[in-house]
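Residue-level structural notes
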Amino acid sequence: MKKRKRVKRWMKLDNSAMIYPAIRNARFSTMFRVSVTLTEEVDPKVLQAALEDTVKRIPFFGMRLRTGLFWRYLEQNDGVPQVEMDVANPCKPIGKGENGGFLFRVRVDGCRIALEPFHVLTDGNGAMVFLKTLAARYLTLTGKKIPFTDDVLDTSARPKKGELEDAFSKYAAFQKRAPRRESKAYHFKGTLEPFPTLHIISATIPLGPLLEKARAAKATLTEFLAANYILALHRLQTAERHLREKDVKLCVPVNLRKFFPSDTLRNFVLYLTPGIDPGYGDYTLEEIVEQVHCQMRMRLNRKYIAAQICTNVSDERNPFIRMVPLLFKDWAMSMAFRVVGESCFSATLSNLGETKIPDEMRPYVKRFDFLLGASKINRGNLTAVSYGGSLVLNFTRTTKETFIEREFFTQLVKLGIPVKIESNDQ
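Conventions and cut-offs
- Here the residue index of a chain counts from 1 through its sequence in written order.
- With pLDDT at 70 or above as the cut-off, local features in this predicted model cover only qualifying residues; side-chain atom pairs require 80 or more to be listed or tallied, and sums for whole chains, interfaces and linings still use all residues.
- Computation of side-chain values: all heavy atoms of the structure, hydrogens and water removed.
- Only residues above 30% relative accessible area that lack a salt bridge enter a patch, with like-charged residues linked at up to 9 Å and the nonpolar side chains Val, Leu, Ile, Met, Phe, Trp and Tyr linked at up to 5 Å.
- A 1.4 Å probe and the Shrake-Rupley method give the accessible areas. Residues count as covered only by the protein chains that appear here.
- Salt bridges are defined as contacts in which a side-chain nitrogen from Lys or Arg sits within 4 Å of a carboxyl oxygen from Asp or Glu.
- Asp and Glu are treated as the negative residues and Lys and Arg as the positive ones, with His and the ends of the chain left uncounted.
- Lysine's charge is taken at NZ, arginine's at CZ, aspartate's at CG and glutamate's at CD.
- By definition, any uninterrupted DSSP run of H or I lasting at least four residues is a helix, any uninterrupted run of E lasting at least two residues is a strand, and each is numbered from the N terminus.
- The cut-offs for exposure are 20% and 50% of the maximum accessible area for each residue type, with area from a 1.4 Å probe on protein chains only; residues under the lower value are buried, those over the upper are exposed, and the others partly exposed.
- By definition in these notes, contact holds between two residues if any of their heavy atoms fall within 4.5 Å.
- Detection works on a 1 Å grid of protein atoms alone, calling trapped sets that fit a 1.4 Å probe cavities and calling open sets with protein on both sides within 12 Å along at least five of seven lines pockets, with lining residues defined by an atom within 4 Å of a point.
- Grid points are joined across faces, edges and corners, and a volume is the space filled by probe spheres set on the points.
- Note: two strands are recorded as paired if DSSP finds a minimum of 2 bridges between them.
- Note on method: axes are straight lines fitted to C-alpha atoms, helices fitted across the in-contact stretch only, with angles between N-to-C directions ranging 0 to 180 degrees.
- Centres within 6.5 Å make a pair out of two Phe, Tyr or Trp rings, where for Trp the six-membered ring is used; the pair is then stacked when the planes are under 30 degrees apart, edge-to-face when over 60, and tilted otherwise.
- Cation placement over rings: the criterion is NZ of Lys or CZ of Arg within 6 Å of the ring centroid and within 35° of the ring normal.
- Throughout, disulfides are identified as pairs of cysteine sulfur atoms within 2.5 Å of each other.
- Under the convention used throughout, the expected extent of a helix is 1.5 Å for every residue step, that is, one less than its residue count.
- Here a polar contact is taken to be a pair of N or O atoms separated by no more than 3.5 Å, where protein atoms must pair a possible hydrogen donor with a possible acceptor and residues adjacent in sequence count only if both atoms sit in side chains.

**Concerning a negative patch on the surface**
A contiguous patch of negative charge on the surface is contributed by D282, E286, E287 and E290. Structurally, the position occupied by E287 is in helix α7 (residues 285–299).

**Structural notes on the pattern of salt bridges**
All chains considered together, the criterion is met by 23 salt bridges. In this structure, D86 engages R112 in a salt bridge whose closest nitrogen and oxygen atoms are separated by 2.9 Å. You can see D86 sitting in the loop between β5 (83–85) and β6 (104–109) and its partner R112 sitting in strand β7 (residues 112–117), a full 26 residues away along the chain. For D86, a relative accessible area of 16% translates into the label buried. Put simply, D151 and K132 hold a salt bridge, and the shortest N to O gap is 3.9 Å. Note that D151 is positioned in the loop between α3 (124–141) and α4 (167–170) and K132 in helix α3, a separation of 19 residues in sequence.

**Side note on a positive patch on the surface**
Side chains of R181, K184, K189, R244 and K246 sit close together on the surface and give a patch of like positive charge. As for its position among the elements, K246 is in the loop between α6 (221–240) and β9 (248–255). Overall, the relative accessible area of 37% leaves K246 in the partly exposed class.

**Examining the environment of R299**
Within the secondary structure, R299 sits in helix α7. Relative accessible area serves as the criterion here: at 27%, R299 is assigned to the partly exposed category. C-alpha separation for the pair R299 and L272, spaced 27 residues apart in sequence, amounts to 7.6 Å. With residues near it in sequence (within four places) discarded, R299 still touches L272, Y304 and I305.

**Digging into the layout of surface pockets**
Approximately 490 Å³ is the volume found for the second largest pocket. Around the second largest pocket sit 21 residues that line it, and R112, I200, S202, D369 and N424 are the ones nearest its centre. At the level of secondary structure, the elements contributing two or more residues to the lining of the second largest pocket comprise β2 (32–38), β8 (199–206), β13 (365–372) and β16 (420–423).

**As for the pairing of β7**
Along β7, 5 of the 6 residues are buried, which leaves the element largely enclosed by surrounding structure. Where β2 and β7 come together, 4 bridges link them in antiparallel fashion. In the strand pairing of β7, V34 is matched with L115. By the bridge criterion, 6 bridges tie β6 to β7 in an arrangement that is antiparallel.

**Re the sheet that holds β7**
What holds strands together in a sheet is hydrogen bonding between their backbones, with the strands either parallel or antiparallel. As summarised here, the arrangement of the 5 strands in space is β5-β6-β7-β2-β13, forming an open sheet in which the pairing is mixed. Pairing within the sheet leaves two strands with one partner each, and these edge strands are β5 and β13. The sheet shows a mean angle of 25° between the axes of neighbouring strands, direction not considered. Helix-sheet contacts for α3 involve β2, β6, β7 and β13, and the interaxial angle to β2 is about 30°.

**Some words on the packing of aromatic side chains**
Following the criterion strictly, the structure yields 17 aromatic pairs and no others. When the centroid spacing of 5.3 Å and the interplanar angle of 40° are considered together, the rings of F60 and F61 count as tilted. Each member of the pair, F60 as well as F61, is classed as buried. Pairing F408 with F409 gives two aromatic rings, centres 5.4 Å apart and planes at 85°, and the pair type is edge-to-face. In this pair, the class of F408 matches that of F409, namely buried. Taken together, F60, F61, F102, F104 and F130 form an aromatic cluster joined through their ring pairs. Sitting over the ring of Y364, K144 keeps its end group 5.3 Å from the ring centre. Over the aromatic face of W71 sits the side chain of K329, whose NZ or CZ is 4.2 Å from the ring centroid.

**Structural notes on the state of the cysteines**
In a disulfide, the sulfur atoms of two cysteines are covalently bonded to one another. One pass over the full model with this rule turns up 0 disulfides. The thiol sulfur of C344 is not disulfide-bonded, and the nearest other cysteine sulfur, from C251, lies at 10 Å. Since its relative accessible area comes to 2%, C344 is described here as buried.

**Notes on helix α8 (residues 302–317)**
Taking 1.5 Å per residue, 16 residues should reach 22 Å; α8 reaches 22 Å between its end C-alpha atoms and fits that length. Three or more residues of α8 are buried, namely I305, A306, A307, Q308, I309, C310, T311, V313, S314 and E316. Contacts from the buried residues of α8 go to β1 (10–12), α4, β10 (269–272), α7 and α9 (319–322). N-cap assignment for α8: the residue whose side-chain oxygen lies 3.2 Å from the backbone N of K303 is N301.

**Points about the pairing of β9**
Most of β9 sits out of view: 7 of its 8 residues are buried. Taken together, the 2 bridges between β9 and strand β11 (residues 275–276) define a ladder with antiparallel strand orientation. Across the sheet, residue K249 finds its bridge partner in β11, namely G275. Here β9 runs beside strand β12 (residues 347–354); their pairing, made up of 2 bridges, is parallel. Its bridge partner being in β12, L250 is matched across the sheet by A347. Note: β9 against β10, 4 bridges, orientation antiparallel. Within the sheet, the bridge partner assigned to V254 lies in β10 and is L270.

Laid out in structure tokens, this is it:
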């Protein structure tokens, strides 16, 4: 009697994930990284056991990317993800046939545990839940007692349905659609480094003084950081003496879980692009803060965000587009990304906010980090995450020049904010 072939579990890509396979290339990995530094050196063997338990709890991390005639999808991977030693240049693309087909890496170096997912799987918030659960499980296996609070999941429990949902489709009401067209933005060039070089400059800043400055400027922390970043980019464009200066804008991801109830651990972010038009003249930091604050406030509301969701999901649900072969969909998405993607902003600023963990876990955790991999057009990006009264900023870039970082940190120091800087450059 013939054995019946076992049917593998599969999942549709969420709405946000669909574009990433179409636009990635050797230099544009669409990978990012979150990491935790513990107080003690990590045992890779124990971490391997913790990883296997964590993937069972968050099962879509244990899937591979498959290509169909009309769409890509995630399919159960019967292999076992392996812990790797860390490298100097993280977020390298995962090529076909690499990594056992898994769409993420877990890396270890001394006291640090790093998670590098392909954006098809999740966003920064979902990745942080995976990382905290992995670290907590590791600590539990080494004899510590860690409760299941503050997004630390119980690895012995079954996955919850809401954690796996495509929240974009859930909240696409189709009442109003937001326009996509935006003005082109300034992009600094610089001297491109050989692949896969990724320069990282990290800064640790006490959160209190920075929050005081932001509040004094009547801005949030993200708005204040964005204004300083825009100012640095604006000064670089001015120094380059362009005949016609372009808008200086940032891509700022927004966690939609704050606006729409969802437990999803998959992608659920949209992007705002605050900025300035240098055609109106020079700008002070105070003026940029005011501009960024007003632009963010105007768009950070449920109605505007719902319209953006509807715009994105409408393409996916269009009957004609659904029947177009994937080859042509990829071409169309790649072209669209050129027109309304990175060409419309100068760099990305992504702030994950405060990372909360159980009090019982705090004695074993020193810091968290978050960074973005290389971009397709933009040569540098900035990320932020706070923990234990400190903010960690990570600039990543693929060029030799450090003008942006120097301008940014010099501005903070002039404001009286102490900055401690590290780099992965030897």
